[in-house]
Amino acid sequence: MQMKLNDIFKQYAPYIVRLELFPDLKQIENLGIELNSSNFIHISGTGFFVGNYLITNFHILKKILPIINQVPYQLWTF
């Protein structure tokens, strides 16, 4: 039996999350890191959980990969 798009959405929507990644300003202040336009990057997108893993697309994270080890980030999911 083929599912309709609306049925697929109803079944799987609860597993989809919106994610927000942004620099952890409190940790940055405590570490004395100076923020500028190259290391203050706010990222948002969507993903879903498989067990304890959050799955998302590479394009969501590729902007922060060069600085992820230098600037602490917070991840919020909604």
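Residues numbered from 1 in each chain as written. Predicted model: local features only at pLDDT ≥ 70, side-chain atom pairs only at ≥ 80, totals over all residues. Heavy atoms only, no water.

## Looking at the overall build of the chain
The helix and strand tally for the chain stands at three helices and four strands. Traced from its N-terminal end to its C-terminal end, the chain shows the element sequence α-β-α-β-β-α-β. Against the compact-globule benchmark of 12 Å for 78 residues, the chain has a radius of gyration of 16 Å, which places it well outside the compact range. With respect to the three principal axes, the spread of C-alpha positions in the chain is 60 × 20 × 20 Å. Here the chain holds 78 residues, and the buried ones make up 23% of them. Put simply, of all contacts in the chain between residues at least 6 apart along the chain, 66% involve residues at least 24 apart. Only carbon and sulfur atoms are counted for the fraction: they give 58% of the accessible area of the chain, which is about 6400 Å². Charge-centre separation for the chain: the mean point of 6 positive side chains lies 14 Å from the mean point of 5 negative side chains. (Helix = DSSP H or I, 4+ residues; strand = E, 2+ residues; numbered from the N terminus. Rg over C-alpha atoms; globule rule 2.2 N^0.38 Å. Buried < 20%, exposed > 50% of the residue type's maximum accessible area, 1.4 Å probe, protein only. Contact = heavy atoms within 4.5 Å. Areas by Shrake-Rupley, 256 points an atom, 1.4 Å probe, with all protein chains shown as cover. Lys, Arg positive; Asp, Glu negative; His and termini not counted. Charge placed at Lys NZ, Arg CZ, Asp CG, Glu CD.)

## A word on the pairing of strand E2 (residues 43-50)
Pairing of strand E1 (residues 16-23) with E2, which is carried by six bridges, proceeds in the antiparallel orientation. Opposite Leu 21, over in E2, you have Ile 43 as the bridge partner. Bridge count between E2 and strand E3 (residues 53-56): four bridges; the pairing is antiparallel. By the bridge assignment, Phe 48 is partnered in E3 with Ile 55. Two successive antiparallel strands, E2 and E3, enclose a turn made up of two residues, where Gly 51 displays a positive phi of approximately 65°. (Pairing = 2+ DSSP bridges.)

## Quick notes on the pattern of salt bridges
This model, assessed by the stated rule, comprises one salt bridge. Salt-bridge contacts for Glu 20 lead to Arg 18; the nearest nitrogen and oxygen are separated by 3.0 Å. Residue class for Arg 18 comes out partly exposed when judged on its relative accessible area of 39%. (Salt bridge = Lys/Arg side-chain N within 4 Å of Asp/Glu carboxyl O.)

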